[in-house]
Amino acid sequence: MYKILITDDEDKIRTLIKKYAIFEGHAAVEASNGMEAIELCRNQTFDIVIMDVMMPELDGFSAVKEIRKNQDVPVIMLSARGEEYDKIHGFELGIDDYVVKPFSPKELMMRIDAIMKRTSKDHSDEHELYQKDGLIADFTARRILIDDENIEMSPKEFDLIFYFIRNKNIALTREKLITEVWGYDFYGDDRTLDTHIKLLRKSLGEYAGLITTLRGVGYRFEG
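What counts and how
Residues numbered from 1 in each chain as written. Predicted model: local features only at pLDDT ≥ 70, side-chain atom pairs only at ≥ 80, totals over all residues. Heavy atoms only, no water. Pairing = 2+ DSSP bridges. Helix = DSSP H or I, 4+ residues; strand = E, 2+ residues; numbered from the N terminus. Contact = heavy atoms within 4.5 Å. Axes fitted to C-alpha atoms, helices over the stretch in contact; angles between N-to-C directions. UniProt positions renumbered as here; feature names shortened; annotations may be inferred. Core = buried A, V, L, I, M, F, W, Y, C linked by side-chain atoms within 4.5 Å. Buried < 20%, exposed > 50% of the residue type's maximum accessible area, 1.4 Å probe, protein only. Salt bridge = Lys/Arg side-chain N within 4 Å of Asp/Glu carboxyl O.

Peer 1: Go over the sheet that holds strand 9 (residues 149-150), please, and point to the residues and values.
Peer 2: An order of 6-7-8-9 is seen for the 4 strands of this open sheet, with the pairing classed as antiparallel. With partners counted over all chains shown, the strands left at the sheet margins are strand 6 (129-132) and strand 9, one partner each. Sheet topology note: the strand 6/strand 7 (residues 135-138) ladder contains 4 bridges and is antiparallel. Within strand 7, the residue paired with Gln 131 across the bridge is Ile 136. Helix 6 (residues 155-166) contacts strand 6, strand 7 and strand 8 (143-146) of the sheet and is inclined by roughly 75° relative to strand 8.

Written out as structure tokens, the structure is:
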């Protein structure tokens, strides 16, 4: 059972999500705006937050920034707009997923399950490292260092780079990457993967070329 914070200024959407969440056996708390969500997160701990982008008083992006100051909780953003800029902005803030309205409540629950399964995976006590020249991937500490400098990345960027490294020199299809990294079946928005690859390459800087695009197939990490 997960404790979910549902933040949206539309009563009908909050009610619909809460109904499905409870049906799946989860606990759900509602917030009608960003300020209310921040206050709830100061006083309670949640397993995951569902956050609308456009809300009165405080938008979802600003609310996520404040919430992340107190707790590193997974976040799914909801938006009536599907522009790439909004998605990139959200992913740069470190959100875990982005869902465009109108959406399927059942699919939303599947995405929640996938995120929670991924973030709650047990880690080995053994310190696991990968190094290629000045690039170091610390799986145990969940860190990427380039020339001894810690590189800030979003949660999804970390998931991608670690998956790439564990499958280095293997041609990975787009469908395989979506299924394994996102944890749910690919629903057709391949721009989500492309956006994250673009952000990951930007974060890797001089090592961006390690991720090779395989036209008509997907990607390969040259390890």
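Peer 1: Provide a residue-level description of the UniProt feature "modified residue: 4-aspartylphosphate" (unreviewed entry) in the protein, including the pertinent values.
Peer 2: The residues that UniProt annotates with the feature "modified residue: 4-aspartylphosphate" (unreviewed entry) are Asp 52. With respect to the helices, strands and loops of the structure, Asp 52 is situated in strand 3 (residues 48-52). If we skip the residues at most four places from it in the chain, Asp 52 touches Thr 7, Asp 8, Asp 9, Gly 60, Met 77, Leu 78, Ser 79 and Lys 101.

Peer 1: An account of the side chain of Asn 33 is requested, with residue identities and associated values reported.
Peer 2: Looking at where Asn 33 falls in the secondary structure, it is placed in the loop between strand 2 (27-31) and helix 2 (34-43). Contact partners of Asn 33, with chain neighbours within four places excluded, come to Thr 7, Met 55, Pro 56 and Glu 57.

Peer 1: Give me the nonpolar core: which residues, what numbers.
Peer 2: Core analysis: the biggest nonpolar cluster contains 29 residues, and Ile 144, Leu 160, Ile 161, Phe 164 and Phe 221 have the highest contact counts within it. When contributions to this core are tallied by element, the ones reaching two or more residues are strand 7, strand 8, helix 6, helix 7 (174-182), helix 8 (191-204) and strand 12 (218-221). For this core, the element with the highest residue contribution is helix 6, accounting for 7 residues. If we skip the residues at most four places from it in the chain, Ile 161 touches Ile 144, Met 153, Leu 200, Leu 204 and Phe 221. Core analysis: the second largest hydrophobic core is formed by 24 residues, Leu 40, Met 51, Ala 63 and Met 77 among them.

Peer 1: I'd like a description of the environment of Ala 63, backed by residues and values.
Peer 2: With respect to the helices and strands, the residue Ala 63 is situated in helix 3 (residues 60-70). Using a relative accessible area of 0% as the deciding quantity, one classes Ala 63 as buried. Spatially, the C-alpha atoms of Ala 63 and Met 35 are 6.9 Å apart, while their sequence positions differ by 28 residues. Beyond its immediate chain neighbours, meaning those up to four positions away, Ala 63 contacts Gly 34, Ile 38, Met 51 and Leu 58.

Peer 1: I'd like a rundown of the pattern of salt bridges, residues and numbers included.
Peer 2: When their charged atoms lie close together, side chains carrying opposite charge are able to pair. What the rule picks out here adds up to 16 salt bridges. Among the salt bridges present, the one from Asp 72 reaches Arg 68, with a minimum N-O distance of 3.7 Å. On the basis of relative accessible area, Asp 72 is assigned to the exposed category, the value being 69%. Here Arg 111 makes a salt bridge to Glu 107, at a shortest N to O gap of 2.4 Å. Here Arg 111 and its partner Glu 107 are both found in helix 5 (residues 105-119), 4 residues apart, which amounts to about one turn of the helix. Taken individually, Arg 111 and Glu 107 each receive the classification buried, so the pair is uniform in this respect. Here the residues in one salt-bridge network are Asp 8, Glu 10, Asp 52 and Lys 101, joined through shared partners.

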